[in-house]
Amino acid sequence: MVVTVRPASVFGDVHAVLGPKSPGADVCWCLSHRLPSARNKALRGPARGEYVAGLCRADPPPGVIAREGDEAVGWAAVAPPRADTAYARSRTIPHVDDLPVWCLWCIRVRPGHRGKGISHALIAGAVDFARAQGAPAIEVYPLDLPPGGGDRADTTMAYPGIRANFERAGFTRAAATTSVLAGHPRVLMRLDLR
C-alpha cells in the first residue's frame, strides 16, 4: 500500500496516532516540548485533546500525518520556530545560532505499521512541509545510536528518531548535546532548507 504524508490538519488523524483509548487519560499528545512545563501539566484529560484539536485548525498545523490508504499510521511533530518550544530553554541541547529554525522532535508510527519505512516518509514529509512554509532550516535531536544496529532503543523512547535515519535524509551533525534519553546520548542535527 502507498504511504502519503500530509499536514496534520485533521484532528481525527492525529487522535488515531497519538490519542488515548480512554478519553479521560492524560497522554502526551506530543505537547511536552510544545508548551511551557506548567501549561503542559495543567492540561488534563480531554483538555489535552481539545488543545491539539485547536492546533490542527491553526496555520500552520502542528506537524504531519502519514496515511496508508485511508488509515492514519504515523505522526511527526514539526513546528516553527525553536524559540517557541521547550528546546529554547534546554540546558542539555545547545542553541547553535539565531536562525529561526523549525524543530522536528517526535516521530511516531503505530504498532502494526512499523518496519515499512513510514518513519522515513515522515521525515521527508516534515522537511517538505517546513520548506513549503518558508523554514530556513530544520533541526532534530535524535538518539545517537552506534552504527550497525547492535544497540537498540525502546520504541516508546525512540520518539526523537535515530541519527542514522536523519543522516539518510541529508541532516548533518550541528552540535553535541549533554542530553540523554533512555540511556542513549542525543545529537543536534540540521538540514539547511535555503
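Residues numbered from 1 in each chain as written. Predicted model: local features only at pLDDT ≥ 70, side-chain atom pairs only at ≥ 80, totals over all residues. Heavy atoms only, no water.

What follows is about the environment of Leu191. You can see Leu191 is positioned in strand S7 (residues 184-192). Spatially, the C-alpha atoms of Leu191 and Ser179 are 20 Å apart, while their sequence positions differ by 12 residues. Each residue touching Leu191, except ones within four places of it in the same chain, is listed here: Val127, Ala137, Ile138, Ala169, Gly170 and Phe171. (Helix = DSSP H or I, 4+ residues; strand = E, 2+ residues; numbered from the N terminus. Contact = heavy atoms within 4.5 Å.)

Let's shift gears to the environment of Asp70. Following the sequence through the fold, Asp70 ends up in the loop between strand S2 (63-68) and strand S3 (71-79). On the basis of relative accessibility, which here comes to 76%, the residue Asp70 falls in the exposed class. Along the sequence, Asp70 and Gly12 sit 58 residues apart, while their C-alpha atoms lie 12 Å from each other. (Buried < 20%, exposed > 50% of the residue type's maximum accessible area, 1.4 Å probe, protein only.)

Read across the open sheet, the 7 strands follow the order S1-S2-S3-S4-S5-S7-S6; overall the sheet is mixed. A single partner strand is all that each edge strand has here, and the edge strands are strand S1 (3-7) and strand S6 (172-181). Neighbour-to-neighbour, the strand axes of this sheet turn through a mean angle of 25°, independent of strand direction. Sheet strands touched by helix H1 (residues 11-18): S1, S2, S3 and strand S4 (102-109). Its angle to S3, the strand with the most contacts, is close to 95°. (Pairing = 2+ DSSP bridges. Axes fitted to C-alpha atoms, helices over the stretch in contact; angles between N-to-C directions.)

So, on to the pairing of S6. Judged from the 6 bridges that link them, S6 and S7 form a sheet pairing that is antiparallel. From the neighbouring strand, Val180 faces S7, where its bridge partner is Pro185.

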